[in-house]
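Spelled out, the chains give:
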Amino acid sequence: MSTSSGPRAAAPAPRETAPAPRGPASAPGEAAPARRDAGATRTAILKAARYLLARHAHADITLRAVAERAGVSPPLILKYFGNKDALFARVMSFDTDADDLLDAPLEELGRHMVRHVLASQRDRGADPLLRIAFAPLHGDHGEVLRANFRAQVTGRLAARLTGPDPGLRAELAVAGLLGLGVMYGVARGPHLRGTDLDAVADRYGPLVQAQLTP
C-alpha cells in the first residue's frame, strides 16, 4: 500500500548565468590589436628552412625545428605550405637568391657576388648558395636541388658571359663563391671573419671576375 507523501518543495529556480566577460572594446579612434602579417610569417618560415637546409640534410630537418627557428607553431607552417615537402620545394628554388646575387653589371659582378655572399651570412645568417653543398647524393630532393641550382644560378650566369666556354667559367666562378661561403660560415675562419667585407671583396673579387671577363 503506497503512502502519500506531503507536497514536494518546488525546485529552486535556475540561476541566471552572467555572460562571459568580453575583452575591452577599442576606444573610438583606437587601432585594433595588430594581426600577424602573413607575408612576414611566410618569409620567416622560408628563412628558417633555408638556414637549416644549409646546415643539415633534408631528411634530418623536422617541421618542429623550422617552427622553433621561425618563432611560429608547426601547425602554422602546415597552414601556409601544406606539408614539409611543399615547404622545401619552395626552399629548393634559387630564383630569388640568384636575382640578388647577379644584380650587378658584368664588369663589377665578381666583387658584387663575393660581398653579397659574405653579407648574407653576416647579416641574415643564410648563404644564398651554400645549401647546394648539403644536397643528398641520392633521392628526388637532391636531384631537384641540383637541377634548380644549375638552371637558376650557373645557367643564368653562363647566359650573361661572352667568349669561349661560358658554362665552365660560370661553374668555376660559382665554385669560388661556394668555397668562400664554406670558409666563412662552416669552417668559420677567424681571419676571414675578422676582416672587413669590402677588404675581402677587393682581394677575392678579382679571382671570381677573372672567370667572368677573362
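Scroll up for the structure.
If you're wondering where the values come from, they're calculated on a predicted model, not measured in any experiment. (Residues numbered from 1 in each chain as written. Predicted model: local features only at pLDDT ≥ 70, side-chain atom pairs only at ≥ 80, totals over all residues. Heavy atoms only, no water.)

Here we look at the overall build of the protein
Link 1 in the chain: Summing up its helical and strand segments, the protein has ten helices and zero strands in all.
Link 2 in the chain: Secondary structure of the protein in N-to-C order comes out as α-α-α-α-α-α-α-α-α-α.
Link 3 in the chain: Here the protein has roughly 13200 Å² of accessible surface; of this, 55% comes from carbon and sulfur atoms. (Helix = DSSP H or I, 4+ residues; strand = E, 2+ residues; numbered from the N terminus. Areas by Shrake-Rupley, 256 points an atom, 1.4 Å probe, with all protein chains shown as cover.)

Description of the packing of helix α6 (residues 109-124) against helix α10 (residues 197-212)
Link 1 in the chain: Between α6 and α10, the shortest axis-to-axis distance is 6 Å and the interhelical angle comes to 135°. The angle between α6 and α10 places the two elements in the oblique class. Where α6 crosses over α10, the two elements pack in a sense that is right-handed. Two secondary-structure elements touch here, α6 through Leu-109, Gly-110, Arg-111, Met-113, Val-114, Arg-115, Leu-118, Ala-119 and Arg-122 and α10 through Leu-197, Asp-198, Val-200, Ala-201, Asp-202, Tyr-204, Gly-205, Val-208, Gln-209 and Leu-212. (Axes fitted to C-alpha atoms, helices over the stretch in contact; angles between N-to-C directions. Parallel < 35°, antiparallel > 145°, perpendicular 65-115°, else oblique. Left-handed = near helix turned anticlockwise from the far one by under 90°. Contact = heavy atoms within 4.5 Å.)

What about the packing of aromatic side chains?
Link 1 in the chain: By the definition in use, this model includes one aromatic pair.
Link 2 in the chain: Over the ring of Tyr-80 we find Lys-79; its NZ or CZ atom is 5.6 Å from the centre of that ring.
Link 3 in the chain: Sitting above the plane of the Tyr-184 ring, Arg-193 keeps its charged end 4.6 Å from the centroid. (Phe/Tyr/Trp six-rings, centres within 6.5 Å; stacked < 30°, edge-to-face > 60°. Lys NZ or Arg CZ within 6 Å of the ring centre and 35° of its normal.)

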